[in-house]
Amino acid sequence: MAPSQTYQRVHSTEKENDDFSETEEASNATISSLPQKYRRLFTYTIIVILLIISNLAFAGLWIQTRSSREHPEAPGCVRPQLIYSPATSAIRYEKKRLWRDIDGPNPFTGKPRPELDQAWRDIIAPITIKVSADELARFSEGDSTISFKDGSGYIAEMGVYHELHCVKRVRRYLHLVYYYPNMTGADRVREDTHIDHCLEYWRQSAMCRGDTTLGTFFWRDGVPTSRVYTDNGCVDWYKLDHWARQRKVDMADYSQFVEDE
């Protein structure tokens, strides 16, 4: 005799199917019970919504494709913003060919003359700028700085202008007799120290940026020689410089600052 077995009754899903059918029929009945003009309005509304969604999706895809074509970037090469600076809002990039040829007319190169001195004074004019208390708190890592007596903010400097200041200082060092005709021994020691500081500032800045721009070579008198130009991805200098000049501080007037206690 075969061992007894317990059989479980398999419940039919007919009730669930009936419930679903009833729900679907009720939904259809609700829509069909609407007046014809409202049913037509409902249909038009659904179509319009679908058209808007599809158009937005197409526009987003088009913008993304155009941007990638105009500004191609290698994956993972976007520079992260590890340090806050309010000047970041003024940063825009452009492709630019940089020429280092000093033979042509250039107010920043050549022998000392009034035009050169004025050009260097102008380019580093916004070396000191005003920042707010909130901006200071975001970049200073707890370091203090000098504040304005009127409570309007604090002073700070952007690295790029400090670098330009160092370029100017080294240029003057190349012409000590012209710029320092009465230099004493103590003056020379102080100037030597300043130049050493500037050279170290450049070294660290160059290694920090790690410019990967590539240049090419040509033969000149049998010697491989690098060209005086390269194609670079540059900051839009005029936009950044304009931003800095809006915050420029006149450092000739110390009376505007809270004095050191």
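Calculation notes
Residues numbered from 1 in each chain as written. Predicted model: local features only at pLDDT ≥ 70, side-chain atom pairs only at ≥ 80, totals over all residues. Heavy atoms only, no water. Salt bridge = Lys/Arg side-chain N within 4 Å of Asp/Glu carboxyl O. Helix = DSSP H or I, 4+ residues; strand = E, 2+ residues; numbered from the N terminus. Buried < 20%, exposed > 50% of the residue type's maximum accessible area, 1.4 Å probe, protein only. Disulfide = S-S within 2.5 Å.

The name an unreviewed UniProt entry assigns to the protein is Tat pathway signal sequence, from the organism Apiospora aurea.

1. So, the pattern of salt bridges
Overall, the coordinates contain 9 salt bridges when judged by the stated rule. Measuring nitrogen to oxygen at the nearest pair gives 2.9 Å for the salt bridge that ties R209 to E163. Taken as a pair, R209 in helix α7 (residues 185-209) and E163 in helix α5 (residues 159-173) lie far apart in primary sequence, 46 residues in all. By relative accessible area, E163 is classed as buried at 16%. Here D241 ties to R245 by a salt bridge, and the two come within 2.6 Å at their closest N and O atoms. Taken together, the positions of D241 and R245, both in helix α8 (residues 237-245) and 4 residues apart, correspond to about one turn of that helix. By relative accessible area, which is 30% here, R245 ends up partly exposed.

2. Let's talk about the state of the cysteines
Working definition: the covalent bond between the sulfur atoms of two cysteines is a disulfide. With the rule as written, the count across this model stands at 1 disulfide. Disulfide pairing is shown between C166 and C198; the S-S distance is 2.4 Å. Here the disulfide of C166 and C198 is left-handed, its torsion about the S-S bond being about -75 degrees. Residue C166 is found in helix α5, and its partner C198 is found in helix α7; the two are separated by 32 residues along the sequence. C198 shares its class with C166; the two are buried.

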